Every structure is written in C-alpha cells, then in structure tokens.
Amino acid sequence: MNESTNFINWCILFECDSGIIDEEHKQLFKIANEFYNNIKEKKGDNAIYQTLNELTKYAQDHFSHEENILKDTDFPTSELENHKQIHANLILEIFSIHNTQMSNQLGEVKRFLTNWLIMHILIEDRKYLKYLNTP
Ligand SMILES: [Fe+2]
C-alpha cells in the first residue's frame, strides 16, 4: 500500500503505553486503512466486507484485551465499567455499518472511522493513561 494513500497515519499523539496497546492500535489503523482503500479503489464488495469483518473482529479482541489490562490497574471500577460500555457501543456501531452499501460512501466511511477509532483513542483512552505502568 502506498503510504500517501493512507487514511490515517500513526503519530505520537496516539501513543498510550509504548507497548502492547499501541501495537494493537497501530494494527487497527492498518486494517482501517485497508478497509478505506478497498472502498476508495473500488475493490468490490468481497474485499470491502472482508476488511470490514477483519476490523470488527480485531476491534473486539483489542477492546477485551485492553479491558483486561485495565482490570489489573488502579483505574477506578466505575470508569472501567464506563469504558467497557463505550467499547460495547463502538462494536454495535461497527456492526451497524455491515448493512451499508459502502462502495460509494467514501466520505461517510471516513467520517465514521474518524469518530469511531481516532476520537476514541484521543479522548477516551487518554483517561486511563496515568494508571498504566509504563516506563
Ligand atoms: Fe479503549
């Protein structure tokens, strides 16, 4: 994939733990870029839905992994419950776009992914950073 066609590029603003959470967020970006490029390059429904499924599955695994990490920190239980609820809503949102005909909706998908992924990392994930044991 040509770097210049990436929808989102990793930068220091997204950093959370310089570890596994960042690695998984980077992987989410990678799949989101593939998904976005498949639509942009009109790769067809099969390729588009394959990357959407991959994004959904990876997000589910990542969210539960992140929740498990947070469970072992001093992140307050009420905030963790709130964060889990936000993750559950994000999964519902991404499931809801599985019913969308995406081939001609590049702008919509871009807006969706921006709110769905980028805003979550930049706003919600920031709230647990001080509880992580990072170097
Ligand atoms: Fe999160």
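Just above, that's the structure.
Note on numbering: residues in each chain are counted from 1, in written sequence order. Totals for whole chains, interfaces and linings use every residue, but because this is a predicted model, local features are given only for residues with pLDDT of at least 70 and side-chain atom pairs only at 80 or more, for both listing and counting. With hydrogens and water stripped out, all remaining heavy atoms of the structure feed into the side-chain values.

Next up on the list: unusual backbone geometry. Although it is not a glycine, Ser18 adopts a positive phi angle of roughly 50 degrees. With relative accessibility at 58%, the residue Ser18 sits in the exposed group. One non-glycine residue, Lys42, adopts positive backbone phi at about 50 degrees. Relative to the assigned elements, Lys42 resides in the loop between helix H1 (20-40) and helix H2 (45-71). Take Lys42: its relative accessible area is 60%, and that puts it in the exposed class. Relative accessibility under 20% of the residue-type maximum defines a buried residue, over 50% an exposed one, and the middle range a partly exposed one, all with a 1.4 Å probe and only protein chains included. Put simply, DSSP marks the helices as runs of H or I at least four residues long and the strands as runs of E at least two long, and each gets a number from the N terminus on.

Further remarks concern the coordination of the iron ion. Only nitrogen, oxygen and sulfur atoms within 2.8 Å of the metal, or 3.2 Å for Na, K and Ca, are treated as donors, and water is left out, so sites may look incomplete. Protein-derived coordination of the iron ion comes from Glu66 (OE), His83 (NE2), His87 (NE2), His120 (NE2) and Asp125 (OD), at a distance range of 2.1 to 2.4 Å. Here the donor residues for the iron ion map to a single chain with the spacing E-x16-H-x3-H-x32-H-x4-D. Of this pair, Glu66 sits in helix H2 while His83 sits in helix H3 (residues 77-96), and the two are 17 residues apart along the sequence.

The next subject is the nonpolar core. Formed by 34 residues in total, the largest nonpolar core has its most connected members in Phe35, Leu55, Met102, Leu113, Trp116 and Leu117. Residue assignment for this core shows that the elements contributing at least two residues are H1, H2, H3 and helix H4 (106-124). The biggest single contributor to this core is H1, with eight residues. Residues grouped as a nonpolar core are buried Ala, Val, Leu, Ile, Met, Phe, Trp, Tyr and Cys residues, joined through side-chain atoms within 4.5 Å.

Attention now moves to the packing of aromatic side chains. Only Phe, Tyr and Trp rings take part, Trp by its six-membered ring, and two of them pair if their centres are within 6.5 Å. Stacked means planes under 30 degrees apart, edge-to-face means over 60, and tilted covers everything else. Per the stated rule, a full pass over the model turns up eight aromatic pairs. Measuring from ring centre to ring centre gives 6.0 Å for Phe112 and Trp116, while their planes differ by 20 degrees; the resulting arrangement is stacked. Here the residue Phe112 and the residue Trp116 both occupy positions in helix H4, the gap between them amounting to four residues, near one helical turn. Grouping residues by exposure puts Phe112 and Trp116 together as buried. An aromatic cluster of at least three residues, connected via ring pairs, comprises Trp10, Phe14 and Phe29.

Axis angles are defined between N-to-C directions and span 0 to 180 degrees, where every axis is a line fitted to C-alpha atoms and, for a helix, only to the segment in contact. H4 packs onto H1 with a crossing angle of 175 degrees between their chain directions and a minimal axis gap of 10 Å. When the axes of H1 and H4 are compared, the pair comes out roughly antiparallel. Note on element contacts: H4 touches H1 through Leu106, Val109, Lys110, Leu113, Leu117 and Ile121, opposite His25, Leu28, Phe29, Ala32, Phe35, Tyr36, Ile39 and Lys40. Under the grouping applied here, Gly and all other residues not named as nonpolar or charged are polar, the nonpolar ones being Ala, Val, Leu, Ile, Met, Phe, Trp, Tyr, Cys and Pro and the charged ones Asp, Glu, Lys and Arg. Taken together, the residues of the contact of H1 with H4 break down into eleven nonpolar, one polar and two charged. Small angles under 35 degrees read as roughly parallel and large ones over 145 as roughly antiparallel, with 65 to 115 read as roughly perpendicular and the rest as oblique. The contact definition used throughout considers only heavy atoms, calling two residues in contact when any of these lie within 4.5 Å.

All we've got here are geometric facts, nothing functional implied.
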